[in-house]
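# Architecture and fold: a report
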Amino acid sequence: MIDVMVIGAGSAGLVTAKQLAASGKSVALVENDTIGGTCVSYGCVPKKLWHRVSAFGGQMDAANDYGWSVSESSFDWEAMQQAIRGYVQKLNARHYQKCMDAGVTVIRGQASFVSPTTICINNTHYTAGHSVICVGSTAKKEPIPGADYCDTSYDFFSWPKQPQSVAIWGGGYIAVELASILQACGSRVHIICRQSQVLGGFDADLRAFIMDRYREKGIHIHTNSTIDRVDRIDEDTHRVVMGSQSIRVNRVIQAIGRRPNTDALLCESAGIMRDANGAIIVNDQYATSQPTVSALGDCIGGLQLTPVAIAQARDWFHRVWCKGNFPVDFSTVPTAVFSHPEIGTVGLTEDAAREQYADVSTKTLTFTPLTAVLSAQPEPVFIKLIMSGGDLQVRGLHIVADSASEIIQSLAVAIQKGITKADLDKTMALHPSIMEELVTIY
Ligand SMILES: Cc1cc2nc3c(=O)[nH]c(=O)nc-3n(C[C@H](O)[C@H](O)[C@H](O)COP(=O)(O)OP(=O)(O)OC[C@H]3O[C@@H](n4cnc5c(N)ncnc54)[C@H](O)[C@@H]3O)c2cc1C
């Protein structure tokens, strides 16, 4: 009998298993793919490396405006794909070793429930006093005619060669990031988005700003559009049909959302309840409808981000399992979109702030940063500050700029502490910098 069975070795599962093992429990961690999960193998890590790789395209153009002579350049897609894959494999091995060092038993295979305390893996039944479901989520695919010719973000990370043209169906952050990476590497990119703006859930002005930037860079954004059908013309060419319009591209990516990875768990065998989208239903203690089974991370719905999955795992371990304390504020989660230009955001959008507070005020700035003024195609910066109340408490900050993710991570500390406009005004500016504008806005 195992004390705890952790299902899924991704961001949530790894933290959960190692914490439990360190506290002296016997822990088995079951994984049917790579140790590290989505973030390490098919998400944040390879995506951020591709973001870095693709940034050089624009930087070489800019270098010519700054006195450098960067002549004919070429890009070796296959070499980068291999280099990134190689790095990911090293991380997978490192995570496996850390589990071994922590005394976690790793079982390779797909887990499914036979009962709340019995789990079947590779036709072997294991009994566990407690189970923690950390199975994450997977890309959804719309079953349109020709869906088999469409890839998902998962496939992108193993494309052997760079497509000259790509259609990306979806307007969420994964669609927007892949579009930008591909465009910066030299592919012709179409985004097909059901809404009138990309990046649903982000601030409306920021969405408009990024769409303008994308269009200026030559990315075609088809708004209020959907794909009806994908026809295969040959192995490398597809026709994408959108109402009366059609385009020809090499590759099609469906990035229309994600679904919790819970079907194979056979939750019904254990009386574990799921919602209509397949997310495991949990209470505020991460307990499922079976008290000896908990669930964490992407598979319970909500904000699907690595730091959220990790914080839930720590919260569950300290507060629920050990009856201790784990102070973390899930209401102020900074996020980034690794696009060109980069987006960083924390707190409320203007629309959300107006729903929650009566007296909302905003300050928006767009300007060309000093470092870009000599460029033939200067990248403008966007900063939007959202405040409420007589003391102008900062409720949201939205930035589009180089390194916006780094800027937002630092400012998230101050915003989580509840700073006001007066605190910004009191702070001395650092000159010349982009963010001095934030403390000198009047
Ligand atoms: C393209 C992309 C880019 C992303 N970029 C970012 C980013 O920049 N920043 C950020 O914070 N987040 C990002 N995310 C989201 C982030 O990757 C997830 O929120 C995070 O990985 C969730 O962790 P998890 O532990 O819940 O699930 P996962 O990391 O998905 O781990 C679940 C694991 O369970 C395994 N599993 C599933 N079912 C079973 C079963 N029945 N038996 C055994 N094993 C099973 C899976 O193989 C997987 O390894 C991105 C995601 C994608 C797809």
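For the structure, see preceding data.
A few points on the structure. (Residues numbered from 1 in each chain as written. Predicted model: local features only at pLDDT ≥ 70, side-chain atom pairs only at ≥ 80, totals over all residues. Heavy atoms only, no water.)

## As for the overall build of the protein
Across its full length, the protein carries 11 helices and 21 strands. Radius of gyration (C-alpha) of the protein: 23 Å, near the 22 Å computed for a compact globule of 442 residues. In terms of overall dimensions, the protein has a C-alpha envelope of 70 × 60 × 40 Å along the principal axes. Across the 442 residues in the protein, those meeting the buried criterion constitute 49%. Sequence separation of 24 or more characterises 62% of the internal contacts of the protein that already satisfy a separation of 6 or more. Looking at the protein as shown, the accessible area adds up to about 20,500 Å², and 51% of this sits on carbon and sulfur atoms. With 37 positive and 43 negative side-chain charges, the protein shows a separation of 3 Å between the mean positions of the two kinds. (Helix = DSSP H or I, 4+ residues; strand = E, 2+ residues; numbered from the N terminus. Rg over C-alpha atoms; globule rule 2.2 N^0.38 Å. Buried < 20%, exposed > 50% of the residue type's maximum accessible area, 1.4 Å probe, protein only. Contact = heavy atoms within 4.5 Å. Areas by Shrake-Rupley, 256 points an atom, 1.4 Å probe, with all protein chains shown as cover. Lys, Arg positive; Asp, Glu negative; His and termini not counted. Charge placed at Lys NZ, Arg CZ, Asp CG, Glu CD.)

## Some remarks on the packing of aromatic side chains
Aromatic rings considered in pairs are described by the distance between their centres and by the relative angle of their planes. Evaluated as defined, the whole model comprises 11 aromatic pairs. When the centroid spacing of 4.4 Å and the interplanar angle of 40° are considered together, the rings of Tyr-42 and Tyr-154 count as tilted. One end of the pair, Tyr-42, is in the loop between α2 (37-41) and α3 (44-65); the other, Tyr-154, is in helix α5 (residues 153-156), and 112 residues separate them in sequence. Classification of Tyr-42 as buried rests on a relative accessible area of 17%. With a centroid separation of 4.6 Å and an interplanar angle of 35°, the aromatic rings of Trp-50 and Trp-77 are classed as tilted. Placement of Trp-50 in helix α3 and of Trp-77 in helix α4 (residues 77-102) is noted, with a sequence separation of 27 residues between them. Under the relative-accessibility criterion, Trp-50 is labelled buried at 0%. With relative accessibility at 4%, the residue Trp-77 sits in the buried group. Of the aromatic side chains, those joined through ring pairs into one cluster are Trp-50, Phe-75, Trp-77, Phe-156, Phe-157 and Trp-159. Just above the ring of Tyr-442 sits the side chain of Lys-421; from NZ or CZ to the centre is 5.3 Å. (Phe/Tyr/Trp six-rings, centres within 6.5 Å; stacked < 30°, edge-to-face > 60°. Lys NZ or Arg CZ within 6 Å of the ring centre and 35° of its normal.)

## A word on the environment of Phe-330
Structurally, the position occupied by Phe-330 is in the loop between α8 (306-321) and β17 (335-337). For the pair Phe-330 and Gly-257, spaced 73 residues apart in sequence, the C-alpha to C-alpha distance is 22 Å. For Phe-330, the residues in contact, after removing those within four places along its chain, are Tyr-286, Val-308, Ala-311, Gln-312 and Asp-315.

## Concerning the pattern of salt bridges
Two side chains that carry opposite charge are able to pair once their charged atoms sit near each other. Scanning the model with the defined rule gives 18 salt bridges in all. Arg-194 is paired through a salt bridge with Glu-142; the nearest N and O atoms lie 3.5 Å apart. Taken together, the residues span a long stretch of sequence, with Arg-194 in the loop between β9 (188-192) and α7 (204-217) and Glu-142 in the loop between β7 (137-139) and α5 at a distance of 52 residues. A salt bridge links Arg-251 to Asp-151; the shortest N-O distance between them is 2.9 Å. With a gap of 100 residues between them, Arg-251 in strand β14 (residues 251-254) and Asp-151 in the loop between β7 and α5 connect regions that are remote in the sequence. (Salt bridge = Lys/Arg side-chain N within 4 Å of Asp/Glu carboxyl O.)

## Points about the sheet that holds strand β11 (residues 229-234)
Taken together, the three strands give an open sheet; going across it, the order is β11-β12-β13, and neighbouring strands pair in antiparallel fashion. The sheet is open, and its two edges are formed by β11 and β13 (245-249), each paired on a single side. In this sheet, adjacent strand axes meet at a mean angle of 20° when their direction is disregarded. Examined bridge by bridge, strand β12 (residues 237-242) and β13 share five bridges and lie antiparallel to one another. By the bridge assignment for β13, Met-242 is matched with Gln-245. (Pairing = 2+ DSSP bridges. Axes fitted to C-alpha atoms, helices over the stretch in contact; angles between N-to-C directions.)

## A closer look at empty space enclosed by the protein
Inspection of every chain in the model, using the stated rule, returns one cavity of 30 Å³ or more. Looking at the largest cavity, its volume works out to about 30 Å³. Every residue along the wall of the largest cavity is listed here: Lys-161, Gln-162, Pro-163, Asp-236, Asn-250 and Arg-251. Partitioning the lining of the largest cavity into residue classes produces one nonpolar, two polar and three charged. (1 Å grid on protein atoms, 1.4 Å probe; cavity = no way out; pocket = protein on both sides within 12 Å on 5 of 7 lines; lining within 4 Å. Points joined across faces, edges and corners; volume = space filled by probe spheres on them. Nonpolar A, V, L, I, M, F, W, Y, C, P; charged D, E, K, R; others polar.)

## Quick look at the site of the ligand
Taken together, 38 residues surround the ligand, and among them Ala-12, Glu-31, Thr-38, Lys-47 and Asp-298 come closest. Lys-47 places a polar side-chain atom, nitrogen or oxygen, 2.8 Å from an oxygen atom of the ligand. A distance of 3.4 Å separates an oxygen atom of the ligand from a polar backbone atom of Gln-304. Compared with its free state, where it exposes 1,000 Å², the ligand has 94% of that area covered by protein. Broken down by secondary-structure element, the contributors of at least two residues to the shell around the ligand are α1 (11-22), β2 (27-31), α2, α3, α6 (173-185) and α8. (Near = heavy atom within 4 Å. Polar contact = N/O pair within 3.5 Å; in protein donor to acceptor, adjacent residues only side chain to side chain.)

## Description of the packing of α1 against α8
Look at α1 against α8: their axes get within 8 Å of each other, and the N-to-C directions meet at 30°. What the angle tells us is that α1 and α8 run roughly parallel. In this structure, α1 meets α8 at a crossing whose hand is right-handed. For the pair α1 and α8, the contacting residues are Ser-11, Ala-12, Val-15, Thr-16, Gln-19 and Leu-20 in the first and Thr-306, Ala-309, Ile-310, Ala-313, Arg-314, Trp-316, Phe-317, His-318 and Trp-321 in the second. Looking at the contact of α1 with α8, its residues break down into nine nonpolar, five polar and one charged. (Parallel < 35°, antiparallel > 145°, perpendicular 65-115°, else oblique. Left-handed = near helix turned anticlockwise from the far one by under 90°.)

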